[in-house]
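Residue-level listing of the chains:
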Number of protein chains: 2
Amino acid sequence: MAAPSSFVSAQRLWDSLQAMARFGATAAGGVNRQALSAEDTAAQAELVRWGQATGMLASRDAAGNLFLRLPGSDASASPVLSGSHLDSQPTGGKFDGAYGVLAAFEAARAIRAAGVVPRRAIDVVAWMNEEGSRFAPGMMGSAVFAGDRPLDAVLAAQDAQGVRVGEALAVQQQSLAHVPLRPLGGAVHAFVEAHIEQGPVLEREGYPVGIVSGIQGKHTFRVEVTGEAAHAGTSQRSERKDALLAATAMVQSLAAAFHDVEDITKFTIGRFEVLPNAPSVVAARVVFSIDLRHPDTARLRAMSAQVEHLCAAARGPCAVNVQRLSAADSLEFPEALRQRARAVADRLATPWRDLPSAAGHDARYLHAVTPTAMLFVPCHLGLTHNEAESATPSDLAAGTRVLADLLLELAND
Amino acid sequence: MAAPSSFVSAQRLWDSLQAMARFGATAAGGVNRQALSAEDTAAQAELVRWGQATGMLASRDAAGNLFLRLPGSDASASPVLSGSHLDSQPTGGKFDGAYGVLAAFEAARAIRAAGVVPRRAIDVVAWMNEEGSRFAPGMMGSAVFAGDRPLDAVLAAQDAQGVRVGEALAVQQQSLAHVPLRPLGGAVHAFVEAHIEQGPVLEREGYPVGIVSGIQGKHTFRVEVTGEAAHAGTSQRSERKDALLAATAMVQSLAAAFHDVEDITKFTIGRFEVLPNAPSVVAARVVFSIDLRHPDTARLRAMSAQVEHLCAAARGPCAVNVQRLSAADSLEFPEALRQRARAVADRLATPWRDLPSAAGHDARYLHAVTPTAMLFVPCHLGLTHNEAESATPSDLAAGTRVLADLLLELAND
């Protein structure tokens, strides 16, 4: 019997990525397909159609995660899961998330084409709201699936317009009413997530596949600076409580404190909202995000512990409230599963290297409940969360070939 | 004959201010009645009703300015104008602008009640979009009336949602179709604008009336910082073009450069918009406003000339574009008219003091085409552009009494 990898079609995979990128396509060639949006729903409906055309069984759970099942011969055996997410950043690209879902789908098609029925079922999965740009924090679907966050808490989260996840999910559920519900969670034999690297290493060094050693830790914060609205022309500096001046001083102070010469720390303030945001009114309030990452958990925790003090020290006449939204420390994927992935790549003569993931992924939450691995493929210049994100058909297929053979092997455990 | 001032009713004025404040009333007791909004239109319709009930003739011009005329005996004599504006900041108060319109309206009612018909007509006016918070820059109606800005340019200005002034004005015009149009501009004998001080001086020193000596200059800018979107977890600091880090460095650098120990300079960054504004995406673009004021034109121009250089020096790996939106230098109102206002206040035994206006007003543009004066009344703690803005019925009436007698005197010139 030929291995499933030999049935992986680079063209079919590429076409499916391009077809999926039409949902939420932006003028600049990227994708704006935020979680639980109409575009996200349309993308999921399309994936369900593709799955049904391939004879796979679609289902959804109460957290909005979508599954396509390739059945196994032993209905009592726990399934192997593989996938990622279909939602994107507001100015996202075609590959972040979508590649992991469609690589798993292509792998399933290849396994079916190889004429084998594995012992375990293989579930292709699209986790709900990985990006966290519309509803924060991200990785909602995988966190609920893995029992890390209660469903109720996730359903109560609101977007900037005050729409709750629960409401948006109910709307999506109506459009996907033809897809049966499955119970939340359940036993999983293993999880493998394919993803673009979102860094420059594989491309620069010429490896089509990366075996991910682990995920760097990430702590996030919401900082609210409260000042007082006042007239730009009349209020004196000494009397003002200018929330924008205080907040920008905090940003600069945090950036200086977290500046490491070795350039490993990732410090990002991506969201910064001003109220009332009018040119001739002193800002009454600023809310900004902090995203802080470092592969060394001790370093990450030490920086994280400084945030509140640094903000307070720069607050001037304003008040500041620092809220920690999440504190995920660094993690390492199990060596045994990584070794199986390397062995598959070696059998396929696919050059690989170990490398850490600087970005968070749904695999973080699955890791807590099942043996988990990640496969990376190169993306051009490491550019991601950007409409210019790009990857080559041949690298995308190389990663999918390793995935296909690895999934079959795991499904036959 | 008793002077009109003795017919000014503090209660009627106060009631009219409270009634007007219902249009766009906020939960916090302030007003959100931005230019050409539904609330602004409703407020104008109400003023038209009040004017008609008093026998005054309403009209509008092509720039959206609203007039209520108390006719004079000599139809060929140019009118005296008095008023201010009905639009507010998004988190504005009940008195900024509305007081000037309703004080002029109360003065007109008092003149009528006194049983005199002046030689010249008196036009109570509400200028379109003084605040400039929805459509920038502000003082659109008065600038067009005075011929300082072409109507076409003003009609083309857009709000944050891309709605043009021309479109919003057409919608308002439909609701006010029963109000006849009058030609734009025309000869004006004099203009007097009453306003709350928007500063703490009159209240602190116990003067119910201020005779405004002039208006401090104001230069405004739009700064656009262009970086590159990137993933918060993967992109290295050395490779990033973080528009938010660059923009916050500019804000801090400008604030430091314009810090004067004497605390006269007014430097405000009230608007600051980030794109894509997502927690895990490095900011690709920031656009912020600069509002810079100083009563000394030479000092103001010197600071203004530094803006571009200071922004460029702090731009880091980003690009920056600095656009000057307006450059109004300081001005002084004519001494002869100020002297007439002082004489009226003295006759009424109303304590007054001269003081400059730190804020810009529609009077700036009228000053260029007709003898112009401004009367200030105290506002509590100088708090303004703030929902907590407040003033006392007795101070508001004191200013209106001076205004009533001054308007009659001017209308009999």
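Residues numbered from 1 in each chain as written. Chains lettered and ligands numbered in written order. Predicted model: local features only at pLDDT ≥ 70, side-chain atom pairs only at ≥ 80, totals over all residues. Heavy atoms only, no water.

**Student:** Give a detailed account of unusual backbone geometry, specifying residues and quantitative values.
**Tutor:** In this structure, the amide linkage connecting Ala 136 of chain A to the following residue, Pro 137 of chain A, adopts the cis form with an omega of -10°. By the element assignment, Pro 137 of chain A lies in the loop between strand E4 (122-127) and helix H4 (140-145). Of note, the bond from Leu 275 of chain B into Pro 276 of chain B is cis; its omega dihedral lies within 30 degrees of zero at -5°. As for its position among the elements, Pro 276 of chain B is in the loop between strand E10 (272-275) and strand E11 (281-282). Positive phi values are uncommon outside glycine, yet Leu 36 of chain A reaches one of about 65°. Note that Leu 36 of chain A resides in the loop between helix H1 (10-20) and helix H2 (38-53). (Helix = DSSP H or I, 4+ residues; strand = E, 2+ residues; numbered from the N terminus.)

**Student:** Hey, could you go over the relation of the copies chain B and chain A for me, with residue numbers and the actual values?
**Tutor:** Taken together, a rotation about one axis and a shift along it account for how the two chain copies relate. The transformation that overlays chain B on chain A combines an axial shift of 0.0 Å with a rotation of 180°, and the residual RMSD is 0.1 Å. On the angle and the small slide along the axis, the relation comes out as a two-fold axis. In terms of proximity to the rotation axis, the leading residue of chain B is Thr 248 of chain B, whose C-alpha is 2.5 Å off the axis. Most of the interface of chain B is mirrored in chain A, where 100% of its interface residues are also at the interface. (Least-squares fit on C-alpha atoms with pLDDT ≥ 70 in both. Contact = heavy atoms within 4.5 Å.)

**Student:** Talk me through the packing of aromatic side chains; I want residue IDs and the actual numbers.
**Tutor:** Summed over all chains, the structure comprises 17 aromatic pairs over all chains. Pairing Trp 127 of chain A with Phe 145 of chain A gives two aromatic rings, centres 4.9 Å apart and planes at 65°, and the pair type is edge-to-face. On the criterion of sequence distance, the pair formed by Trp 127 of chain A in strand E4 and Phe 145 of chain A in helix H4 is long-range, its members being 18 residues apart. Owing to a relative accessible area of 2%, Trp 127 of chain A belongs among the buried residues under this scheme. You can call Phe 145 of chain A buried: its relative accessible area is 6%. With a centroid separation of 5.9 Å and 20° between ring planes, the pair formed by Phe 272 of chain B and Phe 288 of chain B is classed as stacked. Residue Phe 272 of chain B is located in strand E10, and its partner Phe 288 of chain B is located in strand E12 (residues 285-294); the two are separated by 16 residues in the primary sequence. As far as burial versus exposure is concerned, Phe 272 of chain B and Phe 288 of chain B are alike and both buried. Grouped by ring-pair contacts, the aromatic residues Phe 67, Trp 127, Phe 145 and Phe 191 of chain A constitute a single cluster. Over the ring of Phe 67 of chain A we find Arg 182 of chain A; its NZ or CZ atom is 3.7 Å from the centre of that ring. (Phe/Tyr/Trp six-rings, centres within 6.5 Å; stacked < 30°, edge-to-face > 60°. Buried < 20%, exposed > 50% of the residue type's maximum accessible area, 1.4 Å probe, protein only. Lys NZ or Arg CZ within 6 Å of the ring centre and 35° of its normal.)

**Student:** Break down the domain arrangement of chain A for me, citing the residues and quoting the values.
**Tutor:** Residues and elements named next belong to chain A. Domain annotation for chain A reports domain 1 (4-216 + 331-411) and domain 2 (217-328). In this structure, domain 1 and domain 2 have C-alpha centres spaced 33 Å apart. Domain 1 puts 6 residues into the contact, and the matching count from domain 2 is 7 residues. Here domain 1 packs against domain 2, burying approximately 570 Å² in sum over the two surfaces, 55% of which is carbon and sulfur. Counting the contacts that link domain 1 with domain 2 gives 0 salt bridges. At the boundary of domain 1 and domain 2, one finds 0 residue pairs in polar contact (both at pLDDT 80 or more). Looking at the side of domain 1 that touches domain 2, its residues break down into 3 nonpolar, 2 polar and 1 charged. (Domains from an automatic or database assignment. Buried area = accessible area lost by both parts, 1.4 Å probe. Salt bridge = Lys/Arg side-chain N within 4 Å of Asp/Glu carboxyl O. Polar contact = N/O pair within 3.5 Å; in protein donor to acceptor, adjacent residues only side chain to side chain. Nonpolar A, V, L, I, M, F, W, Y, C, P; charged D, E, K, R; others polar.)

**Student:** Residue-level account of the pattern of salt bridges, with values.
**Tutor:** Residues and elements named next belong to chain B. Overall, the coordinates contain 48 salt bridges over all chains when judged by the stated rule. When the shortest N-O distance is used, the salt bridge between Glu 106 and Arg 12 registers 2.7 Å. Residue Glu 106 is found in helix H3 (residues 98-113), and its partner Arg 12 is found in helix H1 (residues 10-20); the two are separated by 94 residues along the sequence. By relative accessible area, which is 0% here, Glu 106 ends up buried. With a relative accessible area of 31%, Arg 12 lands in the partly exposed category. For the salt bridge of Asp 291 with Lys 218, the shortest nitrogen-to-oxygen distance reads 3.7 Å.

**Student:** Lay out the interface of chain B and chain A with the relevant residues and their values.
**Tutor:** With 58 residues of chain B at the interface, the matching set in chain A holds 58 residues. Between chain B and chain A, the buried area comes to about 5,000 Å², and carbon and sulfur atoms account for 51% of it. The tally of links from chain B across to chain A stands at 2 salt bridges. A salt bridge links Arg 237 of chain A to Asp 260 of chain B; the shortest N-O distance between them is 3.0 Å. At the boundary of chain B and chain A, one finds 38 residue pairs in polar contact (both at pLDDT 80 or more). Among the elements of the structure, strand E8 (230-231), helix H8 (243-257), strand E9 (266-268), E10, E11 and E12 of chain B are those that each provide at least two residues to the side of chain B that touches chain A.

**Student:** Outline the environment of Ala 349 of chain B, listing residues and values.
**Tutor:** Looking at the element boundaries, Ala 349 of chain B is found in the loop between helix H10 (335-347) and strand E15 (352-357). Between the alpha carbons of Ala 349 of chain B and Val 116 of chain B there is a distance of 23 Å; along the sequence they are 233 residues apart.

**Student:** How would you summarise helix H12 (residues 393-411) of chain B if you had to cite specific residues and measurements?
**Tutor:** Over its 19 residues, H12 of chain B runs 26 Å from end to end, which matches the ideal 27 Å to within 8%, given 1.5 Å per residue. The element H12 of chain B is largely enclosed, with a buried count of 15 among its 19 residues. (Expected span 1.5 Å × (residues − 1).)

**Student:** Kindly report on the packing of helix H2 (residues 38-53) of chain B against H3 of chain B, identifying the contributing residues and their values.
**Tutor:** Residues and elements named next belong to chain B. Interaxial distance between H2 and H3 falls to 11 Å at its minimum, and their mutual angle equals 10°. Relative to H3, H2 is oriented roughly parallel. In this structure, H2 contributes Leu 47, Trp 50 and Gly 51 to the contact, and H3 contributes Val 101, Leu 102 and Phe 105. Here the contact of H2 with H3 is composed, by residue class, of 5 nonpolar, 1 polar and no charged. (Axes fitted to C-alpha atoms, helices over the stretch in contact; angles between N-to-C directions. Parallel < 35°, antiparallel > 145°, perpendicular 65-115°, else oblique.)

**Student:** So, helix H6 (residues 165-175) of chain B: which residues are in play, and what are the values?
**Tutor:** The α-helix winds at 3.6 residues per turn, so residues separated by three or four positions along the chain end up facing the same way. Residues and elements named next belong to chain B. Every buried residue of H6 is listed here: Val 165, Ala 168, Leu 169 and Gln 172. Considered in projection along H6, the buried side chains sweep an arc of 100° and stay on one side of the axis. Of the exposed residues in H6, the ones pointing more than 90 degrees away from its buried face are Val 171 and Gln 174. In this structure, the buried residues of H6 make contact with H2, strand E1 (57-60), helix H4 (140-145) and helix H5 (151-156). (Arc of directions from axis to C-beta.)

**Student:** Describe in detail the side chain of Arg 293 of chain A, supporting the description with residues and values.
**Tutor:** If you trace the backbone, Arg 293 of chain A turns up in strand E12 (residues 285-294). Only 2.7 Å separates the side chain of Arg 293 of chain A from the side chain of Asp 291 of chain A, close enough to count as a polar contact.

**Student:** Pulling in residues and values, what's your account of the pairing of E12 of chain A?
**Tutor:** Residues and elements named next belong to chain A. With 9 of its 10 residues buried, E12 lies for the most part within the structure. Strand direction decides the pairing type here: strand E9 (residues 266-268) and E12, joined by 3 bridges, are antiparallel. Along E12, the bridge assignment pairs Phe 267 with Leu 292. Pairing analysis gives 4 bridges linking strand E10 (residues 272-275) to E12, with the strands arranged antiparallel. Bridge pairing in E12 places Leu 275 opposite Arg 285. (Pairing = 2+ DSSP bridges.)

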